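# Tertiary structure, described
Listed below, chain by chain, are the residues.
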Amino acid sequence: MPRLLSSAMALRRDPRMLKLPPYLSLVCIIVGFAWLLLLPLENYSRRTYISENALLPGQVHTYFGGSEQNIFRAYRREVDSLESKSNHQINDRLEIFLKEVGVKVGRQNYTYHYAGNEHTGENIYGILQAPRGDATEAIVLVAAWKTVKEEMNRNGVTLALTLARYFKRWSLWSKDIIIFIPPDSRTGTQAWVDAYHDAHDSRYIAPLPLKSGALQGALALDYAVDHRFEALHILYDGANGQLPNLDLINSMVNIAGGQMGVHTAIQGIENHSNSYQDRLRTILRGMMRQSLGLATGPHSSFIPYHVDAITLQPYGEGWHDEMALGRIVEGTFRSLNNLLEHLHQSFFFYLLMHRDHFVSIGTYLPSAMLLAANFSIMAIFLWVKSGQASQTKLQTSGNAKVQSVKETTLAASSTLERDLFLPISVVTICQALSVIPLFAFNNIPASILSPTFGIFTVVSVLLPWLISHLLALNKATVQQFQLIKSFSLLFLGMSLATLATLNFSLAFLVGMLATPFTFVRTSSNLTVRLGLAGLLTTIAPPVLVYVSSQVLEIPVLDILKESSFGWNVWGMYTSIVVWCVWWPSWLLGMVNVVGSPIA
């Protein structure tokens, strides 16, 4: 054992060991990216299944139809007559409809402020008390007046009113049913859910006059098409990349496809061949939506409160009508009505590649963790390297007074004391500066948002040169530049490793974009220095925002307004990752490239 320990200590001091970390970091990057590409293969995915036996999806006979279609048409005429009315006028009429059914009705006013704009509205909802329940649990049916695409949700609202009348006639319900009709799919749902859980700001959002029990699930209807539909698109992504319990999606697919014969699709891919290309495309689309952190439908506001929810969106031209969708909703509510406890047995962290295939967190998480490990490995490597020095040995030969100089690098035989004050100060100041864009882009008015972003982009490009000039005036050494990079990479690696467990897609995306930070360094060659600076400038957060606006053909102002809206309404933390994690790491990476340390 002593001999083994001495061998290990000798190996630790071997200069060749310091050559391994950069290659090890490169291996982590390549394997992490390749890991993601392997996920769509059959050997790495799993077929979906129902974990909660109490759901029993598709096991009951649904009765919605027949004479209910006449009631649907009558409600449809009433809803069409309200198209040009104001929010309060619409709710006055909807309140009459709900009270005629025999449910208790509540209304709620709310106001949101974002990018200097004010958004006000009024929600209306009705609570159908369960004949066999004690008001301790509830299921929510959401039908926003405006769809996700800002179209009038004619058939969605009409179907919700028709189902409210239909559900009232049945005595089998053990959970209350809440019929909720917000004015839009973005703000109304968030205000209502926040107030339901007493997490609202009473200055801008009114409390709910009526409440039921704990919400066990929610189903939203986004049904704007005026013709018979071909299939159902299931929207399941929540704010900040959160997802509902997989059992809810599996139950919906089972009920729609197995019982009603309605095809279902996810991530907007209507014709999914279940090939490798389609599976990979589905995963990448899901990851992109999760990484942005935006809400994708009315259901998204429920998920942060651990209320499993999805949105159903009919599409295409086929032979299915509103009665078929009503039976799907009935079957889903009957399944949720069977629950004895909250959905918990299936997965909350997953990547769907097909409606029948998924990848669990234990399979896909290593890819993001490897990217995060790459930064941590290089941070430790730079820390060790900063404490080592190069020595010059002079050898003198006798009376001839001829000296021969031999330079040898002794990686472990000589150590240096680390000067930490300047590196820590630079890293701390850059991290503190990140608060400025975070606050500005989420609070300033939309009228000056675009020019402010342009000024910030120019400042971001010039700031590394200014910092490197100040470091040159303070005679920063190579060791101090190494420590600056070490601290920056260590913070980035720790942040991404933590983020990967919350939002895998965002951590993976930032990790891939930030990989050049691992290998860039100062150079005495001006051409190399300018080339590396140009490379890093192309992956700067402000530059990528401009590039994304051009590729997606979306004005930069709209992207900034959407980010401000997500921050102020949905509590979206993507901007924190962009401005407080990614941007300062880029800034410090640029400082290392354009800086000129003294020997």
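Please read these numbers as outputs of a predicted model, since none were measured by experiment.

## Quick word on the environment of V329
One can find V329 in helix α9 (residues 322-337). Between the alpha carbons of V329 and L312 there is a distance of 9.4 Å; along the sequence they are 17 residues apart.

## Topic: the sheet that holds strand β11 (residues 357-360)
Strands sit in the order β1-β11-β10 across an open sheet of 3 strands; the sheet is antiparallel. Edge positions in the sheet fall to β1 (46-47) and β10 (350-354), since each has one partner strand and no second. The pairing of β10 with β11 spans 4 bridges and is antiparallel. Following the sheet pairing, L352 is matched in β11 by F358. Against the sheet, helix α10 (residues 361-386) touches β10 and β11, its axis set at about 60° to β11.

## Notes on the sheet that holds strand β8 (residues 263-266)
The 8 strands lie next to each other as β2-β3-β5-β4-β6-β9-β7-β8, forming an open sheet whose pairing is mixed. Both edges of this open sheet fall to β2 (104-114) and β8, since each of them pairs with a single strand only. Shown here is a sheet whose adjacent strand axes are inclined to one another by a mean of 25°, direction ignored. Where strand β4 (residues 137-142) and strand β6 (residues 214-221) come together, 6 bridges link them in parallel fashion.

## Overview of the side chain of R334
Positionally, R334 belongs in helix α9. Each residue touching R334, except ones within four places of it in the same chain, is listed here: V60, H61, L172 and W173.

## A look at the domain arrangement of the protein
Entries for the protein in the domain assignment read domain 1 (1-39 + 364-388 + 417-594) and domain 2 (67-340 + 351-359). Taken over both partners, the interface formed by domain 1 and domain 2 buries close to 2300 Å², and the fraction arising from carbon and sulfur atoms is 63%. Of all residues in domain 1, F565, V569 and W570 give up the largest surface area on contact with domain 2, accounting jointly for 27% of the area buried on that side. Close ionic contact of R186 with E562 constitutes a salt bridge, the shortest N to O distance being 3.1 Å. The tally of links from domain 1 across to domain 2 stands at 11 residue pairs in polar contact (both at pLDDT 80 or more). Elements with a minimum of two residues in the side of domain 1 that touches domain 2: α2 (20-38), α15 (504-513) and α19 (556-570). At 7 residues, the largest contribution of residues to the side of domain 1 that touches domain 2 is made by α19.

## Notes on the nonpolar core
Counting residues in each nonpolar core, the largest one holds 71 residues, and the members touching the most others are L471, F517 and W586. With 14 residues, the single largest contributor to this core is helix α20 (residues 574-594). Once you skip the residues sitting within four places of it in the chain, F517 turns out to touch K485, L489, L492, L536, I539, W582, S585 and W586. L82, V101, L163 and L232 belong to the second largest nonpolar core, which has 66 residues in total.

## Quick look at a nonpolar patch on the surface
A cluster of nonpolar residues, F33, L37, L38, L41, Y44 and Y276, forms a patch on the protein surface that exposes about 480 Å² of accessible area. In terms of residue count, the dominant contributor to the nonpolar patch is α2 (3 residues). Here L38 shows up in helix α2. Given a relative accessible area of 36%, L38 falls into the partly exposed group.

## What to know about the pattern of salt bridges
Within the structure shown, the criterion is met by 18 salt bridges. Here D226 ties to R76 by a salt bridge, and the two come within 3.2 Å at their closest N and O atoms. Here the residue D226 occupies a position in the loop between β6 and β7 (229-235), and R76 occupies one in helix α3 (residues 68-81), the gap between them amounting to 150 residues. The partner of D201 in a salt bridge is R203, and the shortest N-O contact between them spans 2.8 Å. Several salt bridges share partner residues, and in doing so they unite R76, D80, E83, R154 and D226 into one network.

## A closer look at the packing of helix α11 (residues 421-433) against helix α12 (residues 435-443)
Interhelical geometry of α11 versus α12 gives an angle of 0° and a closest axis separation of 4 Å. Classified by the angle between their axes, α11 and α12 sit roughly parallel to one another. For the pair α11 and α12, contact is made by Q431, A432 and L433 and by V435, I436 and P437, respectively. Its residues assigned to classes, the contact of α11 with α12 comprises 5 nonpolar, 1 polar and no charged.

## Brief notes about the packing of aromatic side chains
Using the criterion set out here, one finds 26 aromatic pairs in the structure. Ring geometry for F167 against F333: centres 5.6 Å apart, planes inclined by 20°, an arrangement best described as stacked. One end of the pair, F167, is in helix α5 (residues 154-168); the other, F333, is in helix α9, and 166 residues separate them in sequence. Each member of the pair, F167 as well as F333, is classed as buried. Plain terms: the ring middles of F453 and Y546 are 5.2 Å apart, the flat faces sit at 50° to each other, and that makes the pair tilted. With F453 in helix α13 (residues 449-473) and Y546 in helix α18 (residues 541-552), the pair connects residues that are 93 residues apart, well separated along the chain. Y546 sits in the partly exposed class, given a relative accessible area of 30%. An aromatic cluster of at least three residues, connected via ring pairs, comprises Y63, F64, Y166, F167, W170, W173 and F333. When the ring centre of F565 is taken as reference, the NZ or CZ atom of R186 above it lies at 4.1 Å.

The rules behind the values
- For every chain, the first residue of the written sequence is number 1, and numbering continues from 1 onward in sequence order.
- The model is predicted, so local features are restricted to residues of pLDDT at least 70 and side-chain atom pairs to those at 80 or more, both for listing and for counting; the totals for chains, interfaces and linings are taken over all residues.
- Excluded from the side-chain calculations are hydrogens and water; all other atoms, namely the structure's heavy atoms, are used.
- Strands here mean DSSP runs of E at least two residues long; helices mean DSSP runs of H or I at least four residues long; both are numbered from the N terminus.
- Here the rule is simple: two strands pair whenever DSSP picks up at least two bridges between them.
- By definition in these notes, contact holds between two residues if any of their heavy atoms fall within 4.5 Å.
- Only the contacting stretch of a helix is used when fitting its axis, a line to C-alpha atoms as for every element, and angles between N-to-C directions run 0 to 180 degrees.
- Domain segmentation is taken from an automatic or database assignment of domains.
- A quick way to say it: buried area is the sum, across both parts, of accessible area lost when two parts are put together, with a 1.4 Å probe.
- Note on definitions: salt bridges are taken to be side-chain nitrogens of Lys or Arg within 4 Å of carboxyl oxygens of Asp or Glu.
- For the purposes of these results, a polar contact is taken to be a pair of N or O atoms within 3.5 Å, where, inside protein, one atom must be able to donate a hydrogen and its partner to accept one; residues adjacent in sequence count only when each atom of the pair is a side-chain atom.
- Buried Ala, Val, Leu, Ile, Met, Phe, Trp, Tyr and Cys residues form a nonpolar core when they are joined through side-chain atoms within 4.5 Å.
- Each residue is assigned to one of three classes by its accessible area relative to the maximum for its type, calculated with a 1.4 Å probe on protein chains only: buried under 20%, partly exposed between the two thresholds, exposed over 50%.
- Put simply, a patch holds well-exposed residues, over 30% relative accessible area, that have no salt bridge, with like charges counted together within 9 Å and Val, Leu, Ile, Met, Phe, Trp or Tyr side chains within 5 Å.
- Only the protein chains shown count as covering a residue, and every accessible area follows the Shrake-Rupley method with a 1.4 Å probe.
- Here the word oblique covers every angle except those under 35 degrees (roughly parallel), over 145 (roughly antiparallel) and from 65 to 115 (roughly perpendicular).
- The residue classification treats Ala, Val, Leu, Ile, Met, Phe, Trp, Tyr, Cys and Pro as nonpolar and Asp, Glu, Lys and Arg as charged. All others, Gly included, are polar.
- Classification of ring pairs uses Phe, Tyr and Trp, with its six-membered ring standing for Trp, and accepts pairs whose centres are within 6.5 Å; under 30 degrees between planes counts as stacked, over 60 as edge-to-face, and the remaining range as tilted.
- By the criterion adopted, a ring carries a charge over it if an Arg CZ or a Lys NZ lies within 6 Å of its centre and within 35 degrees of its normal.

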